[in-house]
Amino acid sequence: MDYRRTYIRDILQTTPPAEVSAYGWVKTRRDSKGIHFVQISDGSCFTDLQVVIEDGVMPEETLKKITIGACARFDGTLVESPAAGQSVELKASGVQIYGEADPSEYPMQKKRASFEFLREHAHFRTRGNTFGAVFRMRDKLSWAIHKFFEERNFLYVHTPIITTSDCEGAGEMFGVTTLDMQNLPTQNGGVDYEKDFFGKPAFLTVSGQLGVEAFTLAFTNCYTFGPTFRAENSNTPRHLAEFWMIEPEMAFCDIEGNMNLAEEMLKYLIRFLLDECEDDLRFFNKWIEPAVIETLEHVAASEFARISYGEAIELLKKSGESFEFPVYWGADLQTEHERFLTEKELKKPVIIIDWPKEIKPFYMRVNDDDKTVRGMDVLVPRIGEIIGGSQREERLNVLTQRIKECDLDEKDYRWYLDLRKFGSAPHSGFGLGLERMMMYVTGMKNIRDVIPFYRVPGSAEF
Ligand code: 4AD
Ligand code: MG
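Caption draft 1: Representation of the overall build of the protein chain. When helices and strands are counted, the protein chain shows 13 helices and 18 strands. For the protein chain, the C-alpha atoms occupy an extent of roughly 85 × 55 × 45 Å along the three principal directions. Here the protein chain, with 462 residues, has 51% of them falling under the buried criterion. Considering only residue pairs separated by 6 or more positions, the protein chain has 66% of its internal contacts joining residues 24 or more positions apart. Of the roughly 22,600 Å² of accessible surface on the protein chain, a fraction of 50% belongs to carbon and sulfur atoms.

Now the structure itself:
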């Protein structure tokens, strides 16, 4: 058996009649008089292959084992289908069953199981229509991201997952240790981290940004694309404890150029998916989010709005909406505010820049007013924030000051400060949350349904 495979996607494109073998998992089975209809999928495309088995082709005993979830190879002739619903079907002459799926135990029997139920069966949900479409799109999206940067000469860098500095300065990090929790070594009343694996406290990274910045000051334009981790206790449909982030960083680039790249990238990715994932998108459009295709077409063709944080606050104050969280200059925007701005007020993606420095991380470039920083958030309808980024503080004295103001330990950022001391350059970058993007392009409502095996507070199954 070879990995090279004629996928069902290819079989469906073959001109009948043709002898074929189709491998896959049974999705449905319907019996009528003297004839059995079996839909199989191998995950290669949205459409299933219909296999038609006439009585007598295989022993009754074998036929019994062809149930939902079973894995098999069907051999036979591809013929034009006389019935509506598919153009070709496989008239079976034989079968090889690889794995049975006892119908009295296989949990994926129900036609329309709830997403909650499917989350508890994340190892099987991929065999159904919705999650087949989700993960084919996730694959295409990831590939499109690399293609986008490759075409623009960005260097792809693998930043570490274990780190000793807190990039966002929010303290929401998972510790990484080999110390015995039941028997911690102590020193001066605290934990003696010198005895730990790295000789000091270490964490899972919340962002690859600081590492990408170092590379950018050697390779000009770079990006990293990997898993990031946040120990924030947010039980919402848009937060994960482990998620994937795409982080480009550009030297000799200011906030203007940063906004341009973000807008160009989102449009490129949307255009790519509209072209490459037609069938899957049609499914989302019909069953998950009406008009998702129309919205994406519209976004790919229109200009994003660009406003300052101050303008955003004014728009929110004038809105006449009653928000749960108060709106005033200095307050961070909540999802309800973000969604109002992008869905109701501007009705398209919006980039908000120039945020109060108190609510943004230490690395953002301080504006001349000394009150705001050159941060940028990109908000899109249905999701709210999809990108966060900034122009970076490239001036050594200002950065040192900001680290102090943010109560961070200068020692932990020595190498980062060095980058400003020797050959500093204006530079900018941002982070796009892969799963937020997935929610946006599929219309899926819960972020747990666009990542293979989700991790959230209280849950790390599979
Ligand atoms: O705005 P954030 O925190 O920015 C950074 O991490 C920067 N270091 C990025 C950079 O400038 N290189 O996060 C960036 C994006 C958010 O806009 C959101 O899309 C996503 O990451 N994100 C999350 N996605 C899922 N679950 C969470 N808990 C997320 N937190 C952030
Ligand atoms: Mg953010």
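Caption draft 2: Examining the pattern of salt bridges more closely. In the structure shown here, the tally under the stated rule is 38 salt bridges. A salt bridge links Asp-2 to Arg-4; the nearest nitrogen and oxygen atoms lie 3.0 Å apart. The exposure class assigned to Asp-2 is partly exposed, which follows from its relative accessible area of 39%. Salt-bridge contacts for Asp-48 lead to Lys-27; the nearest nitrogen and oxygen are separated by 2.8 Å. With a gap of 21 residues between them, Asp-48 in the loop between strand 2 (35-41) and strand 3 (49-54) and Lys-27 in strand 1 (residues 18-32) connect regions that are remote in the sequence. Accessibility classification places Asp-48 together with Lys-27 in one group, the buried group. Through salt bridges with shared partners, a single ionic network connects Lys-147, Glu-151, Arg-152 and Glu-264.

Caption draft 3: Region of interest: a nonpolar patch on the surface. Together, Ile-161, Ile-162, Phe-197 and Phe-198 give the surface a local cluster of nonpolar side chains, amounting to about 390 Å² of exposed area. When you line up the elements, Phe-197 lands in the loop between strand 10 (190-191) and strand 11 (202-204).

Caption draft 4: Seen up close, the packing of helix 7 (residues 278-287) against helix 8 (residues 292-301). In contact at an axis separation of 8 Å, helix 7 and helix 8 are set at 120 degrees when each is read in the N-to-C sense. Taken together, the axis directions place helix 7 and helix 8 in an arrangement best described as oblique. Counting all contacts with helix 7, which are made through Leu-281, Arg-282, Phe-284 and Asn-285, the residues of helix 8 involved are Val-292, Ile-293 and Leu-296.

Caption draft 5: Just the sheet that holds strand 8 (residues 175-176), in detail. The strand order across the open sheet built from 3 strands is 7-11-8, with neighbouring strands paired in antiparallel fashion. The sheet is open, and its two edges are formed by strand 7 (162-163) and strand 8, each paired on a single side. As paired strands, strand 8 and strand 11 are joined by 2 bridges and run antiparallel to one another. By the bridge assignment for strand 11, Val-176 is matched with Ala-202.

Caption draft 6: Summary view of the environment of Cys-167. Along the chain, Cys-167 falls in the loop between strand 7 and strand 8. Among the residues examined, Cys-167 registers a relative accessible area of 2% and is labelled buried. C-alpha separation for the pair Cys-167 and Glu-276, spaced 109 residues apart in sequence, amounts to 35 Å. Contact partners of Cys-167, with chain neighbours within four places excluded, come to Val-206, Ser-207, Gln-209, Leu-210, Phe-362 and Tyr-363.

Caption draft 7: Broad picture of the sheet that holds strand 3. Spatial strand order, 1-2-3-5-4: 5 strands in a closed barrel with mixed pairing. Taken over all neighbouring pairs, the strand axes of this sheet differ in orientation by 55 degrees on average, direction set aside. Here strand 3 runs beside strand 5 (residues 88-99); their pairing, made up of 2 bridges, is parallel. Of the residues in strand 5, the one forming a bridge with Val-52 is Lys-91.

Caption draft 8: Spotlight on the site of ligand 1. Taken together, 25 residues sit near ligand 1, with Glu-168, Gln-209, Arg-230, Glu-247 and Glu-385 positioned nearest. Glu-385 places a side-chain nitrogen or oxygen 2.6 Å from an oxygen atom of ligand 1. Within the backbone of Gly-433, one N or O atom sits 3.3 Å away from an oxygen atom of ligand 1. Protein coverage of the free-state accessible area of ligand 1, which is 630 Å², stands at 94%. More than half of the atoms of ligand 1 fall within 2 Å of the grid points belonging to the second largest pocket. Sorting elements by how many residues they give to the shell around ligand 1 places strand 17 (residues 384-391) first, with 5 residues. Class assignment for the residues of the shell around ligand 1 results in 9 nonpolar, 8 polar and 8 charged.

Caption draft 9: Representation of helix 6 (residues 255-276) in the model. Counted at 1.5 Å a residue, the expected span for helix 6 with its 22 residues is 32 Å, and the 31 Å between its end C-alpha atoms agrees. Between the side-chain oxygen of the N-cap and the backbone nitrogen of Glu-256 there are 3.1 Å, and the N-cap of helix 6 in question is Asp-254.

Caption draft 10: Geometry of unusual backbone geometry. In this structure, Pro-17 follows Pro-16 across a cis peptide bond, with omega equal to 0 degrees. With respect to the element layout, Pro-17 can be found in the loop between helix 1 (8-11) and strand 1. The phi dihedral of Phe-252 is positive, around 55 degrees, even though this residue is not glycine. Its location among the elements puts Phe-252 in the loop between strand 13 (242-251) and helix 6. Residue class for Phe-252 comes out exposed when judged on its relative accessible area of 63%. Phi is positive for Asp-407, close to 60 degrees, though the residue is something other than glycine.

Caption draft 11: Main features of the packing of helix 4 (residues 129-151) against helix 6. Interaxial distance between helix 4 and helix 6 falls to 10 Å at its minimum, and their mutual angle equals 135 degrees. Considering their axes alone, helix 4 and helix 6 lie oblique with respect to each other. With respect to the hand of their crossing, helix 4 and helix 6 are arranged in right-handed fashion. Here Met-137, Lys-140, Leu-141, Trp-143, Ala-144, Ile-145, Lys-147, Phe-148, Phe-149 and Glu-151 of helix 4 come into contact with helix 6, specifically with Leu-261, Glu-264, Met-265, Tyr-268, Leu-269, Phe-272, Leu-273 and Glu-276. Residue classes in the contact of helix 4 with helix 6 are distributed as 13 nonpolar, no polar and 5 charged.

The rules we used
Residues numbered from 1 in each chain as written. Chains lettered and ligands numbered in written order. Predicted model: local features only at pLDDT ≥ 70, side-chain atom pairs only at ≥ 80, totals over all residues. Heavy atoms only, no water. Helix = DSSP H or I, 4+ residues; strand = E, 2+ residues; numbered from the N terminus. Buried < 20%, exposed > 50% of the residue type's maximum accessible area, 1.4 Å probe, protein only. Contact = heavy atoms within 4.5 Å. Areas by Shrake-Rupley, 256 points an atom, 1.4 Å probe, with all protein chains shown as cover. Salt bridge = Lys/Arg side-chain N within 4 Å of Asp/Glu carboxyl O. Patch = residues over 30% accessible without salt bridge, like charges linked within 9 Å, V, L, I, M, F, W, Y side chains within 5 Å. Axes fitted to C-alpha atoms, helices over the stretch in contact; angles between N-to-C directions. Parallel < 35°, antiparallel > 145°, perpendicular 65-115°, else oblique. Pairing = 2+ DSSP bridges. Near = heavy atom within 4 Å. Polar contact = N/O pair within 3.5 Å; in protein donor to acceptor, adjacent residues only side chain to side chain. 1 Å grid on protein atoms, 1.4 Å probe; cavity = no way out; pocket = protein on both sides within 12 Å on 5 of 7 lines; lining within 4 Å. Sits in = over half its atoms within 2 Å of the grid points. Nonpolar A, V, L, I, M, F, W, Y, C, P; charged D, E, K, R; others polar. Expected span 1.5 Å × (residues − 1). Left-handed = near helix turned anticlockwise from the far one by under 90°.

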